[in-house]
Amino acid sequence: MTQELWRMSATEMAERVARRDVSSLELTRSALQRLEAVNPHINAVVDVLTDSALLAASQADAALARGEAVGPLHGVPVTVKINVDMAACATTNGVVAFKDLVAREDSPVVANLRKAGAIVIGRTNAPAFSYRWFTDNDLHGRTTNPWHSRVTPGGSSGGAAAAVAAGIGAIAHGNDLGGSIRYPAYACGVAGLRPSAGRVPAYNPTQSADRTLAVQLASVQGPLARTVGDLRIALAAMAGGDARDAWWVPAVSSDRGASLPARVAVCAELPGIHTDPAVRDAVRQAARWLEDAGCIVEEAVPPRLSEACALWLDLVTNESRSGLGDIIMRHGDESIRTAFASQRRLAAPLDLVGYVNGLARRTGILRDWQCFFERYPVLLMPVSCAKPFAIDEDQRGDDAVRHILDMQSPLLATALLGLPGLSVPTGLCDGVPMGVQLVSGRFQEAQCLAAGEAIEARAGTLTPMDPVR
């Protein structure tokens, strides 16, 4: 029995622990056994925390026996990405130079997961500096997509997505600056939620300086899971307040009983960008499912999308000139240096006036999107305009990186605006996962989750699965 407990959803795990049908220790041992069986084939978890996980599970069981109140994830095995602080662990961020950067305290998202009762069984891989849509680095090696070894598992939360797809932990923590939750979820056939900026608190006590403004506005922490329902309880657990994050907002939680949006905009093809027919078909199929569920579905293109995508590139890349870019070029491995150099060459150079005006334009674009959501509470669109990329496609020069940026427009535009986005699987195409993205207004995650569950009800779930060898 213990061996198969890892297959359960996080929701079922938490419910069964609370009823004492199963113990936290049994769940944790099962998850660790699954990790031992499949992780050597995908290298998703690069820091296995066996001893501390078993201790935490025993303590969780003891707390339940004493009659103490339990959190929404009590006893549920989870993973945490290697780029956030977790006490007594190295925050390597996939960089050799940071292999000994051991945190003394938890980041807010890790602290919140622990408060909710989650058991952290391991830390998942990311590209160097968490700055690629491909997960490989000189310190921890390459993470393999469980579905196909020649296809990226996504990035930067590629380890998180591969782990949860293969059954290593019911929930995985990730973060998203330009698609780093949604794209790995898409590539690995799981669900991934990018919350609104400010929903989940973020801060790394090991950091030497605060991040630059556009990065602060775009970057979020969030969950990946095998079901949309598990994303809901993971978000509730992660979103607790923390004074260390100046941007955190005490927003109303996303309730399980949220109704489907009355009207949904569908944008299967982005203006001026070639969309792979398989991607287009997935979006249109999801639109039909939502229509069957009772939504009014209309074709509509969100405002100024290409402008928002270009602005993400220009603002984030120009901010890197204040220090991060130099650190990447000095301490990064060859892959991140190559990809980042192409990105720098593709971004329009901005002086101070251009940068300030760019931030002002961001406000105007967000205003237009918020007005769009007044008519269409949810937007259905691609996660990426292409099927998951071949590994290391960003190593093939500026033209290849330009193509990638174009394909990732649905990710970049929404990230710049700090909007919530949900990636949900729709099936397989030639053995590779396909999926769609649902976007809503700020702090309206409940709308995305409700629509995502309607799609999931028709598409089913693709995982957990045994890695293809």
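See above for the structure.
In this report, we go over the structure that sits alongside the text. (Residues numbered from 1 in each chain as written. Predicted model: local features only at pLDDT ≥ 70, side-chain atom pairs only at ≥ 80, totals over all residues. Heavy atoms only, no water.)

## Notes on the pairing of strand β12 (residues 421–429)
Each regular strand carries side chains that alternate between the two faces of the sheet.
Okay, step 1: With eight of nine residues buried, β12 is to be regarded as a mostly interior element.
Okay, step 2: Bridge count between strand β7 (residues 191–194) and β12: three bridges; the pairing is antiparallel. In the strand pairing of β12, Arg-194 is matched with Gly-421.
Okay, step 3: Two strands pair when backbone bridges link them, and β12 and strand β13 (residues 432–440) are joined in this way by eight bridges, in the antiparallel orientation. (Buried < 20%, exposed > 50% of the residue type's maximum accessible area, 1.4 Å probe, protein only. Helix = DSSP H or I, 4+ residues; strand = E, 2+ residues; numbered from the N terminus. Pairing = 2+ DSSP bridges.)

## Comments concerning the state of the cysteines
Okay, step 1: Taken as a whole and assessed by the stated rule, the structure comprises zero disulfides.
Okay, step 2: Free cysteine: Cys-188, not disulfide-bonded; nearest cysteine sulfur from Cys-429 at 16 Å. (Disulfide = S-S within 2.5 Å.)

## Points about the pattern of salt bridges
Okay, step 1: A full pass over the atoms with the stated rule returns 29 salt bridges.
Okay, step 2: Residue Asp-326 pairs with Arg-344 through a salt bridge whose shortest N-O separation is 3.9 Å. In this pair, Asp-326 sits in helix α11 (residues 324–331) while Arg-344 sits in helix α12 (residues 334–346), placing the two residues 18 residues apart along the sequence.
Okay, step 3: One salt bridge in this structure joins Asp-430 and Lys-387, with 3.7 Å as the shortest N-O distance. Of this pair, Asp-430 sits in the loop between β12 and β13 while Lys-387 sits in the loop between β11 (378–381) and α14 (398–407), placing them 43 residues apart in sequence.
Okay, step 4: Salt bridges sharing common partners tie together Arg-132, Asp-136, Arg-142, Asp-392 and Asp-394. (Salt bridge = Lys/Arg side-chain N within 4 Å of Asp/Glu carboxyl O.)

## Some points on the environment of Glu-307
Okay, step 1: Considering the arrangement of structural elements, one finds Glu-307 in helix α10 (residues 305–319).
Okay, step 2: Overall, Glu-307 belongs to the partly exposed group, its relative accessible area being 24%.
Okay, step 3: The spatial distance from the C-alpha of Glu-307 to the C-alpha of Ala-44 is 35 Å, given a sequence separation of 263 residues.
Okay, step 4: What Glu-307 contacts, discounting residues up to four positions off in sequence, is Arg-361 and Ile-365. (Contact = heavy atoms within 4.5 Å.)

## What about the nonpolar core?
Okay, step 1: Judged by nonpolar contacts, the single largest core of 60 residues is most densely connected at Trp-133, Trp-312, Trp-369 and Leu-379.
Okay, step 2: For this core, the element with the most residues is α10, which contributes eight residues.
Okay, step 3: With sequence-adjacent residues up to four places away left out, Trp-369 is seen in contact with Pro-302, Pro-303, Leu-305, Leu-379, Thr-414, Leu-417, Leu-419 and Val-439.
Okay, step 4: Core analysis: the second largest hydrophobic core is formed by 59 residues, Ala-10, Ala-170, Ala-282 and Val-297 among them. (Core = buried A, V, L, I, M, F, W, Y, C linked by side-chain atoms within 4.5 Å.)

## So, the packing of α14 against helix α15 (residues 409–416)
Okay, step 1: One way to put it is that α14 packs onto α15 with a least axis distance of 5 Å and a crossing angle of 65°. Judged by residue contacts, Leu-405, Asp-406 and Met-407 of α14 engage Ser-409, Pro-410 and Leu-412 from α15.
Okay, step 2: Here the contact of α14 with α15 is built from residues that sort into four nonpolar, one polar and one charged. (Axes fitted to C-alpha atoms, helices over the stretch in contact; angles between N-to-C directions. Nonpolar A, V, L, I, M, F, W, Y, C, P; charged D, E, K, R; others polar.)

## A word on unusual backbone geometry
Okay, step 1: Look at the link from Gly-155 to Ser-156: it is a cis peptide, with omega at 5°.
Okay, step 2: For Ser-156, the location among the structural elements is in the loop between β5 (141–142) and α5 (158–165).
Okay, step 3: Backbone torsion omega between Thr-463 and Pro-464 reads 10°, so that peptide bond is classified as cis.
Okay, step 4: Note on placement: Pro-464 falls in the segment after α16 (445–459).
Okay, step 5: Positive phi outside glycine occurs at Asp-392, with the angle close to 60°.

Distances and angles like these do not, on their own, reveal function.
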